[in-house]
Amino acid sequence: MDADLTVDARGTRCPTPIIELSRAIVDRGPRVVVLLADDPNARVDVPVWCRLKRHALVETVERAGFWRFTVRVT
């Protein structure tokens, strides 16, 4: 799935990755966003945030030292 926008939150800690993701969605209105995060809490925070906001977490991929979350905005 091609992303409309990539948010690179690597090097930040909770709650910054979710805040950056939220701002990107509000500011730019993308349909598909990829979030890159290396904070271990993101593995829990991103799925919970998606459920609360009713967005679809399409994919979570672990890379070398970080995660790549693909979110479809509803």
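Look up a bit, the structure's there.
Starting from 1, residues in each chain are numbered consecutively following that chain's sequence as written. Residues qualify for local features only when their pLDDT is at least 70, as the model is predicted, and side-chain atom pairs are given and counted only at 80 or more; totals for whole chains, interfaces and linings, by contrast, use all residues. Side-chain figures throughout are based on the complete set of non-hydrogen atoms in the structure, without hydrogens or water.

Visitor: Just to check I follow, could you spell out the nonpolar core for this structure?
Guide: In globular proteins that are soluble, nonpolar side chains generally tend to be buried together. Counting residues in hydrophobic clusters, the biggest one holds 18 residues, and the most contacted among them are Leu21, Leu35, Val46 and Phe69. Each helix corresponds to a stretch of at least 4 residues labelled H or I by DSSP, and each strand to a stretch of at least 2 residues labelled E; elements are numbered beginning at the N terminus. Put simply, the parts of the chain that give this core at least two residues each are β1 (5–8), α1 (16–28), β2 (32–37), α2 (42–53) and β4 (66–72). For Phe69, the residues in contact, after removing those within four places along its chain, are Val33, Val34, Leu35, Ala37, Ala42, Arg43, Val46, Leu57, Glu59 and Thr60. Take the buried residues of types Ala, Val, Leu, Ile, Met, Phe, Trp, Tyr and Cys, join any two whose side-chain atoms come within 4.5 Å, and each joined set is a nonpolar core. Using a 1.4 Å probe on the protein chains alone, a residue whose accessible area is under 20% of its type maximum counts as buried, one over 50% counts as exposed, and one in between counts as partly exposed. When checking whether two residues touch, look at their non-hydrogen atoms; a contact exists if any pair is within 4.5 Å.

Visitor: Explanation requested: the pairing of β2 in the structure shown.
Guide: Side-chain positions along a regular strand alternate between the two faces of the sheet. Most of β2 is tucked away: six of the six residues are buried. Because side chains alternate across β2, one face comprises the buried residues Val32, Val34 and Leu36, and the other comprises Val33, Leu35 and Ala37, equally buried. Any two strands between which DSSP finds at least two bridges are classified as paired. As defined by bridge partners, β2 adjoins β4 across six bridges and the pair is classed as antiparallel. Counted as the bridge partner of Val32 is Arg72 from β4.

Visitor: Honestly, the environment of Ile25 in this entry has me stumped. Any pointers?
Guide: Within the secondary structure, Ile25 sits in helix α1. Those residues in contact with Ile25, other than ones at most four positions away along the chain, are Pro30, Val33, Trp49, His55 and Val73.

Visitor: Help me understand the sheet that holds β2, please; the structure alone is not making it clear to me.
Guide: In a beta sheet, neighbouring strands are held together by backbone hydrogen bonds and run either parallel or antiparallel to one another. The four strands are arranged β1-β2-β4-β3 in an open sheet whose pairing can be described as mixed. At either end of the open sheet lies a strand with only one pairing partner, and these are β1 and β3 (56–63). Going across the sheet, the axis of each strand differs from the next one's by a mean of 15°, ignoring polarity. In the sheet, β1 pairs with β2 via four bridges, with the strands oriented parallel. The residue of β2 that forms the bridge with Val7 is Leu35. For every element, the axis is a line fit to its C-alpha atoms; helices are fit only across the contacting stretch, and the angle between N-to-C directions ranges from 0 to 180 degrees. Sitting on the sheet, α1 touches β1, β2 and β4, and the angle it makes with β1 is about 150°.

Visitor: Which parts of the structure should I look at to understand unusual backbone geometry?
Guide: For residues that are not glycine, phi is negative in most cases, and the peptide bond is trans in most cases. Cis rather than trans, the peptide bond between Cys14 and Pro15 has omega equal to 5°. As for its position among the elements, Pro15 is in the loop between β1 and α1. Positive phi values are uncommon outside glycine, yet Arg54 reaches one of about 60°. Among the secondary structure elements, Arg54 is positioned in the loop between α2 and β3.

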